[in-house]
Amino acid sequence: MRSVEVLIIGGGPAGSSAAWKLRRAGRDVLLLDRERFPRLKLCAGWITPEAVQDLGMDVRAYPHSLITYPRLRMHFGRLQLPVPCVQHSIRRFEFDAWLLERSGVEVLEHNVRQIVPDGEGYRIDDAFRCRYLIGAGGTRCPVYRTLFRELNPRASELQLVTLEHEIRYDWQERDCHLWFFGHGLPGYSWYVPKERGWLNVGVGGIAARMKKSGHDIREHWGYLTQALEGGFAPGAQYDPTGYSYFLRGNVEVVRRGNAFITGDAAGLATRDLGEGIGPAIRSGLRAAQAITEAAPYELGDVSGTSLKSIVRSMFDRTARAGALAGLRGHAPG
Ligand SMILES: Cc1cc2nc3c(=O)[nH]c(=O)nc-3n(C[C@H](O)[C@H](O)[C@H](O)COP(=O)(O)OP(=O)(O)OC[C@H]3O[C@@H](n4cnc5c(N)ncnc54)[C@H](O)[C@@H]3O)c2cc1C
């Protein structure tokens with residue numbers, strides 16, 4: 001049996017951010033993930049300036065695909081709203097592997113099945129023992145299922161269902177587009193061009209509301225791809241995959257003894273736009289801080305909405321000018 005001080009389950013943005021902070025504080029950390037990195041993660045890969053800042057990242061020095069958009073284009077029916085703000089897109093396949101490597105943590109490929117409390121710590125699959133356990137395993141996180149589900153279940157009415165595909169495509173439209181509530185979708189569809197000839201398109205909506213309306217996510221996928229065929233992406237071929245995660249509800253219990261849950265495991269994606277990367281990073285950092293500083297683990301500064309920060313970045317002229325000076329991926333229009 002291998003013993004470590006901190007064991008992290010899951011190497012997505014929540015797990016790698018926690019690992020990064022703990023390693024920098026010189027702590028003894030091991031991270032387990034059931035997949036070998038780089039691994040596929042369904043995600044549009046839109047990241048905010050706050051996420052970039054939390055990671056202490058210089059976008060100009062990032063070695064993989066990254067586009068900085070000088071605006072988002074939001075559509076509500078026939079109304080198109082160009083929102084001047086700074087946002088970025090990355091490919092999760094590259095980004096997650098890069099974050100994990102940068103953290104300097106030791107990573108083992110291991111699918112966690114059993115977690116047993118053991119004194120002040122935990123035993124994992126009778127193979128690992130730790131004092132602190134960080135659950136960063138996403139929607140199906142075993143730490144959530146074993147230690148938190150009963151105490152603080154994620155709200156089923158906030159479950160989001162998605163369909164998405166990231167394809168090679170020689171896109172010409174350079175902005176990121178979001179279409180809200182089209183054909184009664186309780187959510188939105190997206191077109192996210194990525195650097196080096198990649199394009200991510202997808203559709204996401206609240207599962208319960210879609211079921212009630214009698215429409216299914218595949219129908220909405222059909223509307224989106226039909227519109228793209230006649231618009232930004234003629235001739236594109238898709239084979240979409242589905243994934244589900246939870247928007248932020250009343251997340252009250254995120255620490256139990258020496259176990260923590262972070263990111264999608266806790267259901268922290270923003271209520272308005274389903275942004276989960278930023279909240280995963282921030283919560284991972286806060287869990288690590290709780291360990292390094294023997295402080296409470298609190299989510300007070302893990303925002304439950306995205307629009308507030310988008311609006312803030314619209315009016316923050318200095319931040320916009322600074323970010324636009326380092327614009328990557330295409331020229332400002
Ligand atoms: C289609 C789609 C589009 C999205 N678009 C965006 C977007 O554009 N911007 C944004 O901010 N958010 C987006 N999100 C949300 C975002 O992807 C997630 O919120 C984010 O990845 C959460 O990070 P995490 O680290 O908590 O979990 P994850 O990134 O899911 O990482 C969890 C890790 O845990 C591992 N794991 C799971 N179970 C086990 C186990 N039993 N043992 C060992 N390892 C395990 C997994 O292999 C995985 O590597 C999107 C989500 C979807 C589905």
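Refer to the structure printed above.
Now for a description of the structure that goes with this document. Quantities reported herein were computed from a predicted structural model and do not represent experimental measurements.

Considerations on the sheet that holds strand S5 (residues 79-90)
- Pairing is mixed across the open sheet formed by eight strands, whose spatial order is S3-S5-S4-S11-S12-S13-S10-S14. Each end of this open sheet is capped by a strand with a single partner; those strands are strand S3 (46-47) and strand S14 (241-246).
- As paired elements, strand S11 (residues 176-180) and strand S12 (residues 187-194) share four bridges and run antiparallel to each other. What sits directly across from Leu178, in S12, is Trp190.

Describing the side chain of Thr68
- Turning to its location among the elements, Thr68 is positioned in strand S4 (residues 66-76).
- Of the polar contacts made by the side chain of Thr68, one reaches the side chain of His88; its length is 3.0 Å.

Examining the site of the ligand
- Around the ligand there are 38 residues in total, and Asp33, Val112, Asp264, Gly276 and Ile277 lie nearest to it.
- With respect to the ligand, the side chain of Asn111 contributes an N or O atom lying 3.2 Å from a nitrogen atom.
- One nitrogen or oxygen atom from the main chain of Ile277 is found 2.9 Å from an oxygen atom belonging to the ligand.
- Those elements giving two or more residues to the shell around the ligand turn out to be helix H1 (13-24), strand S2 (29-33), strand S10 (159-168), S14, helix H7 (263-266) and helix H8 (277-292).

Quick notes on a positive patch on the surface
- On the surface, Arg34, Arg140, Arg145 and Arg149 cluster together to form a positively charged patch.
- Of note, Arg149 is situated in the loop between helix H4 (142-148) and S10.

Here's the deal with the packing of aromatic side chains
- Under the definition given, this model contains 10 aromatic pairs.
- When the centroid spacing of 5.0 Å and the interplanar angle of 55 degrees are considered together, the rings of Tyr191 and Phe232 count as tilted. Highlighted residues: Tyr191 in strand S12 and Phe232 in the loop between helix H6 (217-229) and S14, separated in sequence by 41 residues.
- Assessed through its relative accessible area of 0%, Tyr191 is described here as buried.
- With a centroid separation of 5.5 Å and 85 degrees between ring planes, the pair formed by Trp221 and Tyr238 is classed as edge-to-face.

Things to note about helix H9 (residues 307-315)
- Among the residues of H9, Ser309, Ile310 and Ser313 are the ones counted as buried. Along the long axis of H9, the arc covered by the buried residues comes to 105 degrees, so they all point the same way. Set apart from the buried face of H9 by more than 90 degrees, the exposed residues are Lys308 and Phe315.

Digging into the nonpolar core
- Grouped together as the largest cluster of nonpolar side chains are 48 residues, with contacts concentrated most on Leu7, Ile8, Ile115, Ile124, Leu133, Ile134 and Val143.
- Setting aside chain neighbours within four positions, we find Ile134 in contact with Val6, Leu7, Ile8, Ile9, Ala18, Leu22, Phe260, Thr262, Ala287 and Ile291.
- Counting 32 residues, the second largest nonpolar core, distinct from the first, contains Trp190, Leu199, Val203 and Ala233.

So, unusual backbone geometry
- A cis amide bond links Phe37 with the next residue in sequence, Pro38, at an omega value of 0 degrees.
- The topology assignment puts Pro38 in the loop between S2 and S3.
- A positive phi angle, near 50 degrees, is found at Asp125, a position not held by glycine.
- Relative to the helices and strands, Asp125 is located in the loop between strand S8 (121-124) and strand S9 (128-135).
- Of note in this structure, His183 is not a glycine but carries a positive phi near 55 degrees.

Cut-offs and rules
Residues numbered from 1 in each chain as written. Predicted model: local features only at pLDDT ≥ 70, side-chain atom pairs only at ≥ 80, totals over all residues. Heavy atoms only, no water. Pairing = 2+ DSSP bridges. Helix = DSSP H or I, 4+ residues; strand = E, 2+ residues; numbered from the N terminus. Polar contact = N/O pair within 3.5 Å; in protein donor to acceptor, adjacent residues only side chain to side chain. Near = heavy atom within 4 Å. Patch = residues over 30% accessible without salt bridge, like charges linked within 9 Å, V, L, I, M, F, W, Y side chains within 5 Å. Areas by Shrake-Rupley, 256 points an atom, 1.4 Å probe, with all protein chains shown as cover. Salt bridge = Lys/Arg side-chain N within 4 Å of Asp/Glu carboxyl O. Lys, Arg positive; Asp, Glu negative; His and termini not counted. Charge placed at Lys NZ, Arg CZ, Asp CG, Glu CD. Phe/Tyr/Trp six-rings, centres within 6.5 Å; stacked < 30°, edge-to-face > 60°. Buried < 20%, exposed > 50% of the residue type's maximum accessible area, 1.4 Å probe, protein only. Arc of directions from axis to C-beta. Core = buried A, V, L, I, M, F, W, Y, C linked by side-chain atoms within 4.5 Å. Contact = heavy atoms within 4.5 Å.

Geometric values such as these leave the question of function open.
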